[in-house]
Amino acid sequence: MNKLPELLYQHIASHHIKQLELAWLKISPNSEEIISVGGAWQHYFQRLPVSGDSISDICEPLLGMLPFTKDFELPQMQLSEGQYTDISAVKDEECDWLLFCDVTEHTKQLQQYQQASNDLVLLKGELNRTLDRYVGHHVAERVAQGKLQLNLAGERREVSTLFVDIRGFTPFNESHDAQIVMQTLNEYMDGMLAPVLSKDGMVDKIIGDGAMALFGVLDSKYSNAQAAFFAAQDMLKNIATLNKHRQQQGLVQLGIGIGIATGDAVLGMLGSHDRRCFTAIGRHVNVAARLESKACAGEILVDLETYRRLENSDEFVLRRLFLKGIGEVDGYAYGFSK
Amino acid sequence: MLQKKICILGAAGAGKTSLTAQFVYSKFSEKYLSTMGVKIDRKKVVVGDTQVNLMIWDIHGEEKFKKITSSYLRGASGLVMVVDGTRPETITIAKEILQRVEQDVGDLPYVWLLNKADLVDEWSLSERHLNDLKEMNKPIYHTSAKTGEHVEDSFLALAEMLLLG
């Protein structure tokens, strides 16, 4: 290759090398002692380094870094506010060198990309946590891994749907300050939602004092119906514990009713272009909601399909029920009416 | 006066710069600005009867494609390992850094700072995470760069470890 013409070399140097404001320190081999200084030293140091100065007196950040046995780089050192310097330590045969390059402009450009990238990482984490909170860790993880498709077309499968609601909440709501109501609901929801998540269920929605959960969307070691029933039992235990604390504080007792039904449902996204949510649509979903409305405080009411799939179903009592919009059905009660 | 270099390390966005700003200047800003390279701050502290000038190297956060250069750690006496308490994955990142540091510069005294303790509702570190860190037998502090909770304590604890070591 031909030698680069001097004019072009000067052109490149003036554009690229000069803006680096190069400065260098020649130092005694294997020591901190400066022999000489060159280049744009005033760009980096407050006073002219002189022969015999110690490098850490001139450039404090290098304290403890010298002497050195092999070359090293310190990229993007902020020696003063907003000014970035690449420092290179280079070993020569008879001396050591320290080279200072101003990389402020380049670093500030990189910072914009870096900032955008870090903001995205943090935002992604925040969105994952939000998804986590709404649908549970397992669902969020599966969505992130692409194992669960939340699409508009929907997917048909058998699920067990659970509804839970506080009995007599309207009078409580009307007789207490909104802040107290909110605090109470949050305490109550802690005890209702944790069992859903721990039994591989998915919290579909929270409506005031009520919640809807789906079992069978996620893989589980339990059958859908069994998982829903175990979650319901844990809810009753949790409400009993919460009531114990509330009693000690002289607060109103809370009672919950639970309805569970099992059947085919279409799982998918429901809503408009701008606002969508994941849900399940199917006849048995309405049955579960109606069963919950019939359940007394402390009672779990399940439909025939759920009942058939449960182990220990002898703990249930048959109840003939009339469900609004559905008609007469057999319901199986656990808990209160036993 | 005794001079000690300490490096503050952790994942990007864990709050390293905010912790340093709180410790050195008692300041906090809600705005997140990515640190590029290294920013150096100094603070004099007193440990027993000894005055120590801490030179704090606030090193850019570790990312997948931007690993921390081990040359930054030359001459360091101790480390502040920062974890974002709202992001458990930052524990793994901190441990990876620590492993590389140990390979490159050997064992250094360090403390764990589980930061963002003020974000109670978003706190995501479980007992399992804590027990995992406890097994490493290093001091662990729940800090908040925002409120200042345990920030001074944790840096002073490290300074003490440096003098004793």
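Please refer to the structure higher up on the page.
Because the structure is a prediction, the values reported are computed rather than measured.

## What to know about the overall build of chain B
Within chain B one finds four helices and six strands. Along the chain direction, N to C, the helices and strands of chain B fall in the order β-α-β-β-β-α-β-α-β-α. Long-range pairs, those at least 24 residues apart, make up 70% of the contacts in chain B with a sequence separation of at least 6. Accessible surface computed for chain B: about 7400 Å², of which carbon and sulfur atoms make up 49%.

## Structural notes on the nonpolar core
If you look at the biggest cluster of nonpolar residues, it comprises 46 residues, and the most contacted ones within it are Leu-98 and Phe-100 of chain A together with Leu-9, Trp-57, Ile-59, Leu-79 and Met-81 of chain B. One finds Ile-166, Val-203, Ala-228 and Ile-300 of chain A within the second-largest nonpolar core, a separate group that totals 36 residues.

## Focus on the interface of chain A and chain B
Each partner contributes residues to the interface: chain A has 28 residues there, and chain B has 28 residues. Carbon and sulfur atoms supply 51% of the area that chain A and chain B bury against each other, a total of about 2400 Å² over both sides. The tally of links from chain A across to chain B stands at one salt bridge. In this structure, Arg-42 of chain B engages Glu-60 of chain A in a salt bridge whose closest nitrogen and oxygen atoms are separated by 2.4 Å. Our enumeration of links across chain A and chain B arrives at 12 residue pairs in polar contact (both at pLDDT 80 or more). Put simply, the parts of the chain that give the side of chain A that touches chain B at least two residues each are β3 (72-80) and α3 (104-135) of chain A. The element best represented in the side of chain A that touches chain B is α3 of chain A, accounting for 12 residues. Of the residues that constitute the side of chain A that touches chain B, the class distribution is 13 nonpolar, nine polar and six charged. One ladder, built from two bridges, connects β3 of chain A with strand β2 (residues 38-47) of chain B; its direction is parallel.

## Focus on the packing of aromatic side chains
One pass over the full model with this rule turns up 14 aromatic pairs over all chains. Here Phe-169 of chain A and Phe-172 of chain A contribute two aromatic rings whose centre-to-centre distance is 5.6 Å and whose plane-to-plane angle is 35°, an arrangement assigned as tilted. Residue Phe-169 of chain A and its partner Phe-172 of chain A are located together in helix α5 (residues 169-175), separated by three residues, close to a single helical turn. Judged by its relative accessible area of 6%, Phe-172 of chain A falls in the buried class. A network of ring pairs unites the aromatic residues Phe-229, Tyr-307, Phe-316, Tyr-332 and Tyr-334 of chain A as a single cluster. Its guanidinium or amino end placed over the ring of Phe-68 of chain A, Lys-91 of chain A lies 5.0 Å from that ring's centre, counting from NZ or CZ. Directly above the ring of Trp-57 of chain B sits Lys-5 of chain B, whose terminal nitrogen or CZ lies 3.4 Å from the centroid.

Criteria and cut-off values
Residues numbered from 1 in each chain as written. Chains lettered and ligands numbered in written order. Predicted model: local features only at pLDDT ≥ 70, side-chain atom pairs only at ≥ 80, totals over all residues. Heavy atoms only, no water. Helix = DSSP H or I, 4+ residues; strand = E, 2+ residues; numbered from the N terminus. Contact = heavy atoms within 4.5 Å. Areas by Shrake-Rupley, 256 points an atom, 1.4 Å probe, with all protein chains shown as cover. Core = buried A, V, L, I, M, F, W, Y, C linked by side-chain atoms within 4.5 Å. Buried < 20%, exposed > 50% of the residue type's maximum accessible area, 1.4 Å probe, protein only. Buried area = accessible area lost by both parts, 1.4 Å probe. Salt bridge = Lys/Arg side-chain N within 4 Å of Asp/Glu carboxyl O. Polar contact = N/O pair within 3.5 Å; in protein donor to acceptor, adjacent residues only side chain to side chain. Nonpolar A, V, L, I, M, F, W, Y, C, P; charged D, E, K, R; others polar. Pairing = 2+ DSSP bridges. Phe/Tyr/Trp six-rings, centres within 6.5 Å; stacked < 30°, edge-to-face > 60°. Lys NZ or Arg CZ within 6 Å of the ring centre and 35° of its normal.

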